[in-house]
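Residue strings, one per chain:
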Amino acid sequence: MAQIAARSDVHDVVIIGSGAGGGTVTKVLADLGVKVLLMEAGPMVSMGDFKMLRTPASMVWHRGAGEHAEAYTGGRQTPLSFDAFYRADADDEPYTVADGSSFRWFRSRCIGGRTNHYGRVQLRYADYDFKPHDYDGLGFNWPIAYADIAPYYDKAERFIGVTGKAEGLRSAPDGIFQEPAPLKPHEILVQRACAKLGIKAINARQAVITSPLNGRPPCHYCGQCGRGCAQGSNYAASYTQIFPAMKTGNVTVVTNAMARELVTDASGKVTAVAYIDKTTGTEQQVRCRSVVVSASACESARLLLNSKASGHPDGLANENGQVGRYLTDTVGTSMSAQVPALAGMPVFNTDGYGAHLYIPWWMVDRHKELDFPRGYHVEVGGGGFGMPGLGFGANTYNRVEGYGLPLKQAIRDNYGPGTTIGFSGRGAMIPNEDCYCEIDPGKKDKWGIPVLRFHWKWRDSENHQRAHMRETFRAILESMGGTVNATPAPPASPPGGGIIHEVGCVRMGDDPKTSVLDKWCRAHHVPNLFVADGGPFVSHADKNPTHTIIALAWRTAEHLADELKKANV
Ligand SMILES: Cc1cc2nc3c(=O)[nH]c(=O)nc-3n(C[C@H](O)[C@H](O)[C@H](O)COP(=O)(O)OP(=O)(O)OC[C@H]3O[C@@H](n4cnc5c(N)ncnc54)[C@H](O)[C@@H]3O)c2cc1C
C-alpha cells in the first residue's frame, strides 16, 4: 500500500459516512458531549450548493432528465439530482454484477450523502414490519419490536419535522406531525377515486416543515426539493444535523476520506480506521476507541469484508459468513394516465413539497385474499403545472397533430403535464438467499480497494405483488376516466437496487450464528464496532427506509454514549 500515516490522537468515536445514519449518530453524540470524528468519502457542502429556484436546463448534466436520467442516455449511469461531483464516479468506483443478475447501485459522495436529494417520504414501520415471521411465517423477525423504536421515531419527528395527520391506521402508524399542506386538485380527484374503490388515501408524510422548527424556516413550496433546500426546510443530514453538530465543538470532520479497512488488535477490537485521502491518494489512519460504520448498507458490508486479519480472514464480524447476505430493495412499478377531467384548466401554481397525498396499504388484515404476502403503498405523482422534465412529452406528442400555436394549445389544454397522473408502488420484499453482495476477487477501485459484486433474484412473491400494483393503478386511474399511457412500459423484471432503498447485508438478530449485530446494532463479536445505516435491517417493509435508519441510528447512538460512560466500550 501507499505510505501509511497514523494520526496520534485517539478519538472516542469515529463515524464513517455522513448520510441518514452517520448524520444522526454525529448529532446525537455531539449533543451528549461525546467527541467524535466524522469521516466522509466525499467533499464538504455548503448551503450555496443547494440549487433551488433554477430551471432544469441550467443544471449540469441532467438538463431536466431528473433522477433517472440514464433512461434517456442509453443506460449510462448519470448523476442524480446533484451536480456531478456529488455522486460516486462509476469509473473511479466501479461495482460488478454477477452473470444472470441485474442490479443498480446509486451512491452519493458528499457530506449528508443521499439525504441531500432524497424524496423525503418519511414513513414509520408498522408493528408487523418488525415481526414479519410472526405475521405470515415468512422471512425473519427483528430482535426489536415497534415499542422499542417508537420513542426514537418520536424524537426524530420532533427534531427534523414530518408532515401528516393522525389516521389510526395499523399499516401507517401515526407520529408527531407538522400540519400538512393542502391537497392539490388532481390529488383530490385521486382521493375520491380511491374512496369509490374502498381505498383510503391520506396526507403525505414528508420530512418537510410547514412551521418554523429549530431555527429552520418553513417550506415556501418552490417544489425543487430534489436538489437540497437552500433554506433548510426539509431534512438533509448535512444542514439539519451535521452543520448544527459542528457548532458544538465536539465534531472533527475529515472529508474526501475513503475508509478502506478497520484495523484491529490481537483481541479483535477495532483500534484504527485506515482510509485513503482522496486529495493526495495517500493512505492515512485515525485511531479510535470505538467505530460506527454508516457508509450505507452495501458500503458498510464492503468495508467489513475488506477488513481482514489473521483472526478474521473472511472479514471483520463475519465469522458466520453473514456479512453481505440478505440484501433487499423495495418492490416497485409505476403507471400513469391522461385524465381528461383535468384538461383545459387555467394555469395555476401547483408547486409544493412533492406529493401531498399518499395511499397506505389498505389490505393489511385481508392478505389471505391475495396471491402474494405483505403489501405496498402508493406514491402519487404528476398532476399540476410543474416544470416538465426531459422526456415528459413521450405520451403527448403521439396523441396530437399540427404545428405552431394550435399544437402548443392542444398540448396545453388536453395533454400537458397538468393532465398526467402517475402512481408508483412501493412494496415489501422478503429477504432471500439469492440476493447478496460479496467482494469481487478480480476488480479494484481507483484506490486499489476491492469492489462489490452483486447477486439478485426476485421471487414470485415480489413479481405477483408488482402485478397487483398495476391492477390497482389501472382501476384507480380508469375510475377517474383516465386513459392509461402505454409507454414507457415497465420492465418485466426490473433490476434490484432500482428504487434506491437497498438495505440489509449487516443484519441484526438475537442469534450470533445467523446475524452480524445485536439488538443495539453492535457487532456480536467486536464490542467496539457499531453499524448505523440501512445495513442492520432484517427485512424490508413497504415503507421507504430512511425514517427507520434515523430512528435506529438515534437509538444506537444513545446506547453507545451510555456504554462509553460506563467504560464498556
Ligand atoms: C433520488 C433518491 C430518492 C430517495 N427517496 C427516498 C424517500 O423518499 N424516502 C426514503 O426513505 N428514502 C429515499 N431514498 C433513499 C435514502 O436516500 C437512503 O435510504 C438514505 O440516504 C440512506 O442513508 P445512509 O446513511 O444509509 O446512506 P447514504 O445517505 O448513502 O450516506 C452514506 C455516506 O457514506 C459515505 N461513504 C460511503 N463509503 C464510505 C467510505 N468507505 N468511507 C467514508 N465514507 C463513505 C458516502 O459518501 C455517503 O455520504 C432516496 C434516494 C435517492 C437517491
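Refer to the preceding data block for the structure.
(A) Representation of the packing of aromatic side chains. For the structure shown, the criterion picks out 25 aromatic pairs. For the ring pair Phe 159 and Trp 554, a centre distance of 6.2 Å and an interplane angle of 75° mean the geometry is edge-to-face. One end of the pair, Phe 159, is in helix 4 (residues 146-160); the other, Trp 554, is in helix 10 (residues 546-565), with 395 residues separating them in the sequence. Each of the two residues, Phe 159 as well as Trp 554, counts as buried. Ring pairs connect the aromatic residues Tyr 95, Phe 103, Trp 105, Phe 454, Trp 456 and Trp 458, which therefore count as one cluster. Here Arg 107 stacks its cationic end above the ring of Trp 105, 4.5 Å away from the centre of that ring.

(B) Broad picture of the site of the ligand. Close contacts around the ligand come from 37 residues, with Glu 40, Arg 114, Gly 119, Ala 259 and Thr 546 the closest. With respect to the ligand, the backbone of Ser 108 contributes an N or O atom lying 3.1 Å from an oxygen atom. Between the ligand and Arg 114, the relevant distance is 2.8 Å, taken from an oxygen atom to a side-chain nitrogen or oxygen of the residue. Within the complex, the protein chains bury 96% of what would otherwise be the 990 Å² of accessible surface of the ligand. Put simply, the parts of the chain that give the shell around the ligand at least two residues each are helix 1 (20-31), strand 6 (257-264) and helix 10. Per-element tally for the shell around the ligand: the top contributor is strand 6, with three residues. Grouping the amino acids of the shell around the ligand by side-chain chemistry returns 15 nonpolar, 15 polar and seven charged.

(C) Quick peek at the pairing of strand 15 (residues 450-455). Two strands pair when backbone bridges link them, and strand 3 (residues 96-97) and strand 15 are joined in this way by two bridges, in the parallel orientation. Looking at strand 15, one finds that Val 97 is bridged to Phe 454. Across five bridges, the pairing between strand 14 (residues 436-444) and strand 15 is antiparallel. Residue Tyr 436 lies in a different strand from strand 15, and its bridge partner there is His 455. Hairpin connection of strand 14 to strand 15: five residues between the antiparallel strands, including Gly 448 at a positive phi of 85°.

(D) Representation of the sheet that holds strand 3 in the model. Here three strands make up an open sheet; going across it, the order is 3-15-14 and the pairing mixed. Edge positions in the open sheet fall to strand 3 and strand 14, since each of these has one partner strand only.

(E) Summary view of the sheet that holds strand 4 (residues 202-203). The strand order across the open sheet formed by six strands is 4-11-12-13-10-16, and the pairing between neighbours is antiparallel. The open sheet has two edge strands, strand 4 and strand 16 (483-484), and neither has a second partner. Bridge count between strand 12 (residues 376-382) and strand 13 (residues 420-427): seven bridges; the pairing is antiparallel. The residue bridging Glu 379 from the neighbouring strand is Ser 424, located in strand 13. Packed onto the sheet, helix 5 (residues 185-196) meets strand 11 (357-359), strand 12 and strand 13 and runs at close to 25° relative to strand 11. The strands touched by helix 9 (residues 460-479) within the sheet are strand 10 (331-338), strand 11, strand 12, strand 13 and strand 16, with strand 10 carrying the most contacts at an inclination of about 20°.

(F) Here's a closer look at the pattern of salt bridges. The tally for this structure, following the rule as stated, stands at 27 salt bridges. One salt bridge connects Glu 299 with Arg 109, and the closest N-O pair in it is separated by 2.7 Å. Of this pair, Glu 299 sits in helix 7 (residues 297-305) while Arg 109 sits in the loop between strand 3 and helix 2 (127-130), and the two are 190 residues apart along the sequence. Each member of the pair, Glu 299 as well as Arg 109, carries the same accessibility label: buried. Sharing partners across several salt bridges, the network here consists of Glu 93, Arg 109, Glu 299, Arg 302 and Asp 445.

(G) The arrangement of the pairing of strand 6 in detail. In terms of burial, strand 6 is largely enclosed, as seven of its eight residues are buried. Relative to strand 7 (residues 270-277), strand 6 runs antiparallel, the two sharing seven bridges. Paired with Ala 257 across the bridge in strand 7 is Asp 277. Connecting the antiparallel pair strand 6 and strand 7 is a turn made up of five residues, with Gly 268 showing a positive phi of about 95°.

(H) The arrangement of the packing of helix 1 against helix 6 (residues 237-246) in detail. Direction vectors running N to C along helix 1 and helix 6 enclose 30°, while the axes themselves pass 8 Å from each other. Classified by the angle between their axes, helix 1 and helix 6 sit roughly parallel to one another. Relative to helix 6, the crossing made by helix 1 is left-handed. Every residue of helix 6 that contacts helix 1 at Ala 20, Gly 23, Thr 24, Thr 26, Lys 27 and Ala 30 is listed here: Ala 237, Thr 240, Gln 241, Ile 242, Pro 244 and Ala 245. Along the lines of polarity and charge, the residues of the contact of helix 1 with helix 6 split into six nonpolar, five polar and one charged.

(I) Spotlight on the environment of Tyr 125. Within the element layout of this structure, Tyr 125 appears in the loop between strand 3 and helix 2. Residues Tyr 125 and His 524 lie 399 residues apart in sequence; the distance between their C-alpha atoms is 25 Å. The residues touching Tyr 125, leaving out its near neighbours within four places in the chain, are Phe 130, Trp 142, Tyr 146, Tyr 153, Pro 173, Phe 537, Ser 539, His 540, Ala 541, Lys 543 and Thr 548. A polar atom in the side chain of Tyr 125 sits 3.3 Å from the backbone nitrogen of Ala 541.

(J) Structural view of the environment of Glu 433. Mapped onto the elements, Glu 433 comes out in the loop between strand 13 and strand 14. Each C-alpha atom, one on Glu 433 and one on Arg 325, is 7.1 Å from the other, the two residues being 108 residues apart in sequence. If sequence neighbours within four positions are ignored, Glu 433 has contacts with Arg 325, Tyr 326 and Arg 459. In this structure the side chain of Glu 433 is engaged in a polar contact, spanning 3.3 Å, whose partner is the side chain of Tyr 326.

Scoring rules and cut-offs
Residue indices begin from 1 for each chain and proceed along its sequence in written order. In view of the model being predicted, local features appear only for residues whose pLDDT reaches at least 70, and side-chain atom pairs are presented and counted only at 80 or more, with totals across whole chains, interfaces and linings using the full set of residues. Processing note: side-chain calculations cover all non-hydrogen atoms of the structure and skip hydrogens and water entirely. Ring geometry is summarised as follows: Phe, Tyr and Trp rings, the Trp one being its six-membered ring, pair when their centres sit within 6.5 Å, and such pairs are stacked at plane angles under 30 degrees, edge-to-face over 60 and tilted between the two. Secondary structure elements are defined from DSSP: runs of H or I of at least 4 residues count as helices, runs of E of at least 2 residues count as strands, and each element is numbered from the N terminus. In this scheme, a residue with accessible area under 20% of its type's maximum is buried, one over 50% is exposed, and one in between is partly exposed, where area comes from a 1.4 Å probe on protein chains only. Our definition puts a charge over a ring when NZ of Lys or CZ of Arg is within 6 Å of the ring centre and also within 35 degrees of the ring normal. Think of it this way: one heavy atom of a residue within 4 Å of a molecule or strand is enough to make that residue near it. Side-chain atoms alone can form a polar contact between residues adjacent in sequence; in general such a contact is a pair of N or O atoms within 3.5 Å, and within protein one must be able to donate a hydrogen while the other accepts it. Reported accessibility uses the Shrake-Rupley method at a 1.4 Å probe radius. Residues are deemed covered only where the shown protein chains occlude them. We call Asp, Glu, Lys and Arg charged. Ala, Val, Leu, Ile, Met, Phe, Trp, Tyr, Cys and Pro are nonpolar, and the rest, Gly among them, are polar. At least two DSSP bridges between two strands are needed for those strands to be called paired. Contacts are residue-level and defined by heavy atoms, with any inter-residue pair within 4.5 Å sufficient. Angles run from 0 to 180 degrees between N-to-C directions of axes, and those axes are lines fitted to C-alpha atoms, restricted for helices to the stretch in contact. By convention in these notes, a salt bridge is any Lys or Arg side-chain nitrogen within 4 Å of a carboxyl oxygen on Asp or Glu. Roughly parallel refers to an angle under 35 degrees, roughly antiparallel to one over 145, roughly perpendicular to one between 65 and 115, and oblique to any angle outside these ranges. The crossing is said to be left-handed when, going from far helix to near helix, the turn is anticlockwise and less than a right angle, and right-handed when the turn is clockwise.

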